[in-house]
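Secondary and tertiary structure notes
Letter by letter, the chains look like this.
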Amino acid sequence: HELESDKKFNDKNWILKPHPELKLNPLRKRFDKIFQKVQISYEPITNLLPIASFLITNGSSVAIEAIVSGTPVCIAGALNGFIQNPVPSDIDTRLCQICYTKKEFSNFLQNILSYKQSDLAHLTKIANKIKIEYFEPVNVNSIKSFLHLN
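Residues numbered from 1 in each chain as written. Predicted model: local features only at pLDDT ≥ 70, side-chain atom pairs only at ≥ 80, totals over all residues. Heavy atoms only, no water.

When helices and strands are counted, the protein shows eight helices and five strands. Scanning the protein from its N terminus toward the C terminus, one meets helices and strands in the order α-β-α-α-β-α-β-α-β-β-α-α-α. The dimensions of the protein, computed from C-alpha atoms along their principal axes, are 60 × 35 × 30 Å. Burial statistics for the protein: of 150 residues in total, 26% are counted as buried. A total of about 10700 Å² of accessible surface is found on the protein, and carbon and sulfur atoms cover 56% of it. Considering the protein, the positive charge centre built from 18 side chains and the negative charge centre built from 14 side chains are found 4 Å apart. (Helix = DSSP H or I, 4+ residues; strand = E, 2+ residues; numbered from the N terminus. Buried < 20%, exposed > 50% of the residue type's maximum accessible area, 1.4 Å probe, protein only. Areas by Shrake-Rupley, 256 points an atom, 1.4 Å probe, with all protein chains shown as cover. Lys, Arg positive; Asp, Glu negative; His and termini not counted. Charge placed at Lys NZ, Arg CZ, Asp CG, Glu CD.)

This is the structure we're talking about:
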């Protein structure tokens, strides 16, 4: 609710891509005011990430997809301490942060929305480095190695 009055947050296009199993009607009733500002999309995440300034998730594999595309990620931290965080702890916090409170989330958004083009270019460099360090190309040799068939 604090963010609703902030002009720089209201000037953004908000897209909600629900999990395929999520039923939105109960949420629409509870958060009607927010849903008036949000576009619902069922497009593949690969189509949405290139146009996204950031991603908010509860910690799915989509976080990894966003990070390697250079899109900053906010993982909503559960107050009970259980977090579904698929992101390795050594990933640069400019690309991924866990936010437990409204204030942490607001700070995350303010930081992301203040990024200049040079900051975004640096995130792309970090993302490319992550691709090299964490991912292996899929080919015959890598599959044999993975299956210990060498």
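On the secondary structure map, Leu24 appears in the loop between strand 1 (14–16) and helix 2 (25–30). Spatially, the C-alpha atom of Leu24 lies 9.6 Å from that of Ile40, the residues being 16 residues apart in sequence.

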